[in-house]
Amino acid sequence: MFWKTAIAIVLTVLAAFLTHSALVTIATFFLAMVVVLIFEGIRVVPQQQAWVIERLGKFHAVLPPGLNVIVPFVDRVAYRHSLKEVPLDIPEQVCITKDNTQLAVDGIIYYQVSDPKLASYGSSDYVLAISQLAQTALRSEVGKMELDKTFESRDEINHRVVSVLDEAGRTWGIKVLRYEIKSLTPPEAILRSMQAQITAEREKRALIAKSEGQRQQEINIADGAKQAKVLQSEGDKVSQINKAQGEAQALTLVAEANAAAVRVVAAALESNGGLNAANLKVAQLYIEAFSSLAKTGNTLIIPQNVSDVAGVVASAMTVMDRAKLAPK
């Protein structure tokens, strides 16, 4: 406003110096001031912005986006606020956990101006205010938890910090949309111990998995050996049964063959000349027996009386006669 008025005055002085006419000088001054008033009275507010107007130093209105008209020299734009969501980085700070462990924590806040009037007059610097309050709330929440719990409860910590900031931000015309922890960094010694714990846990799981695998392997081997023995015993059982059945069938066949042979012999004895043939056969076998003994050894056993051959034959024939006369 001041520099525009100064330009109008300079133009008036130049007109007076060049024209040496009071009428031209006055007309130039009024024309320049009209232009200044037009430029000062029209305000175009961009989208997603809010301008706070003070009239004679007192809050008057909040200009919405678009074309607006104000009173020059009386109204002025005191504050300009963006209504967009704004990210605010929170510097890293050291927090003390419930188990007295130092923990470096940093985060980021997403906020938005909800009330331009309160944002202008509620706090001298609402950005610094919510930044400091976020650090304080974070230290308070981390101090309520143990170290291991903080890593598991990031969402819970974020939610509690947002609740604290949103409640306090209402008086500043600020709405805190969310808070996110970017990193949780314990001291180097704690990191080494945590890494050792993780390594030990992984080795434990590996040993358990290996033992489970060996156990399952031994179970499979034992089960396979058991099934093999069962199958072998079943095979032996079937083999013995088959062998016994074969021997039984063989004995049956031999018995049937012997019975058939006996029946054939008996039939032959009953036929004409059968008895004489039997005598001849018995004598022949007797002689063959003595002949075999002579071939296989140096000692020959003969009866004391050669007539015993006829006696042996007679005895054999007597047995045949008895078998023939036996009742059928």
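Residues numbered from 1 in each chain as written. Predicted model: local features only at pLDDT ≥ 70, side-chain atom pairs only at ≥ 80, totals over all residues. Heavy atoms only, no water.

Naming follows an unreviewed UniProt entry, where the protein appears as Protein QmcA of Usitatibacter rugosus. The Sequence similarities (unreviewed entry) comment attached to the protein in UniProt states, word for word, "Belongs to the band 7/mec-2 family." UniProt lists a comment for the protein under the heading Subcellular location (unreviewed entry), and it reads "Membrane". (UniProt positions renumbered as here; feature names shortened; annotations may be inferred.)

Enquirer: Is there a simple way to think about the sheet that holds strand 2 (residues 49-55) in this case?
Expert: Taking strand neighbours across the sheet as the criterion, the 3 strands line up as 3-2-5 in an open arrangement whose pairing is antiparallel. Each end of this open sheet is capped by a strand with a single partner; those strands are strand 3 (58-63) and strand 5 (75-82). Each strand of the sheet is rotated relative to its neighbour by a mean of 25°, with strand direction disregarded. Two strands pair when backbone bridges link them, and strand 2 and strand 5 are joined in this way by 7 bridges, in the antiparallel orientation. Directly across from Q49, in strand 5, lies its bridge partner S82. (Pairing = 2+ DSSP bridges. Helix = DSSP H or I, 4+ residues; strand = E, 2+ residues; numbered from the N terminus. Axes fitted to C-alpha atoms, helices over the stretch in contact; angles between N-to-C directions.)

Enquirer: Teacher, can you tell me more about the nonpolar core here?
Expert: Generally speaking, soluble globular proteins have nonpolar side chains that are buried together. Membership of the largest hydrophobic core comes to 28 residues, with the highest contact counts inside it found for I109, L138 and Y179. Those elements giving two or more residues to this core turn out to be strand 6 (86-96), strand 7 (102-113), helix 4 (126-143), helix 6 (154-169) and strand 8 (174-185). At 7 residues, helix 4 tops the list of elements feeding residues into this core. Setting aside residues no more than four positions away along its own chain, I109 makes contact with V86, P87, L88, I90, I130, A134, L165, V176, R178 and Y179. (Core = buried A, V, L, I, M, F, W, Y, C linked by side-chain atoms within 4.5 Å. Buried < 20%, exposed > 50% of the residue type's maximum accessible area, 1.4 Å probe, protein only. Contact = heavy atoms within 4.5 Å.)

Enquirer: Hey, could you run me through the side chain of E141 in this one?
Expert: As for its placement among the helices and strands, E141 is situated in helix 4. A residue is classified by how much of its surface remains accessible, and E141, at 7% relative accessible area, is buried. Leave out the neighbours within four places in its chain, and E141 touches I157, R160 and V161.

Enquirer: Would you explain unusual backbone geometry in this entry?
Expert: Trans peptide bonds make up the majority, and among non-glycine residues the majority have a negative phi. One non-glycine residue with positive phi stands out, namely Q48, at about 60°. Here Q48 is to be found in the loop between strand 1 (42-45) and strand 2. In this structure, N100 takes a positive phi of about 60° despite not being glycine. Secondary-structure assignment places N100 in the loop between strand 6 and strand 7.

Enquirer: Mind showing me how you'd approach helix 4 here?
Expert: Because each turn of an α-helix spans 3.6 residues, side chains separated by three or four positions end up pointing in the same direction. When the terminal C-alpha atoms of helix 4 are compared, their 26 Å separation across 18 residues agrees well with the 26 Å that a helix rising 1.5 Å per residue should span. Within helix 4, the full set of buried residues consists of Y126, A129, I130, S131, A134, Q135, A137, L138, E141 and V142. (Expected span 1.5 Å × (residues − 1).)

Enquirer: How do you make sense of a nonpolar patch on the surface when you look at a structure like this?
Expert: There is a patch of nonpolar side chains on the surface, built from I38, I42, V44, L67 and V69 and spanning about 520 Å² of accessible area. At the level of elements, strand 1 and strand 4 (66-69) are the ones that each hand at least two residues to the nonpolar patch. Relative to the elements of secondary structure, I38 occurs in helix 2 (residues 22-41). Exposure remark for I38: the relative accessible area of 47% places this residue in the partly exposed category. (Patch = residues over 30% accessible without salt bridge, like charges linked within 9 Å, V, L, I, M, F, W, Y side chains within 5 Å. Areas by Shrake-Rupley, 256 points an atom, 1.4 Å probe, with all protein chains shown as cover. Salt bridge = Lys/Arg side-chain N within 4 Å of Asp/Glu carboxyl O.)

Enquirer: Would you mind showing me how to read the pattern of salt bridges here?
Expert: It is possible for side chains of opposite charge to pair when their charged atoms get near one another. If you walk through the whole model with that rule in mind, you get 9 salt bridges. With a shortest N-O distance of 3.1 Å, R178 and E85 are connected by a salt bridge. Separated by 93 residues along the polypeptide, R178 in strand 8 and E85 in the loop between strand 5 and strand 6 bring together distant segments of the chain. Judged by relative accessible area, E85 falls into the partly exposed class, the value being 36%. The closest approach of N and O atoms between R215 and E212, which form a salt bridge, is 3.8 Å. Here the residue R215 and the residue E212 both occupy positions in helix 7 (residues 188-270), the gap between them amounting to 3 residues, near one helical turn. The class for R215 is partly exposed, based on a relative accessible area of 48%. Several salt bridges converge on common partners, so that one network encompasses E141, K144, E156 and R160.

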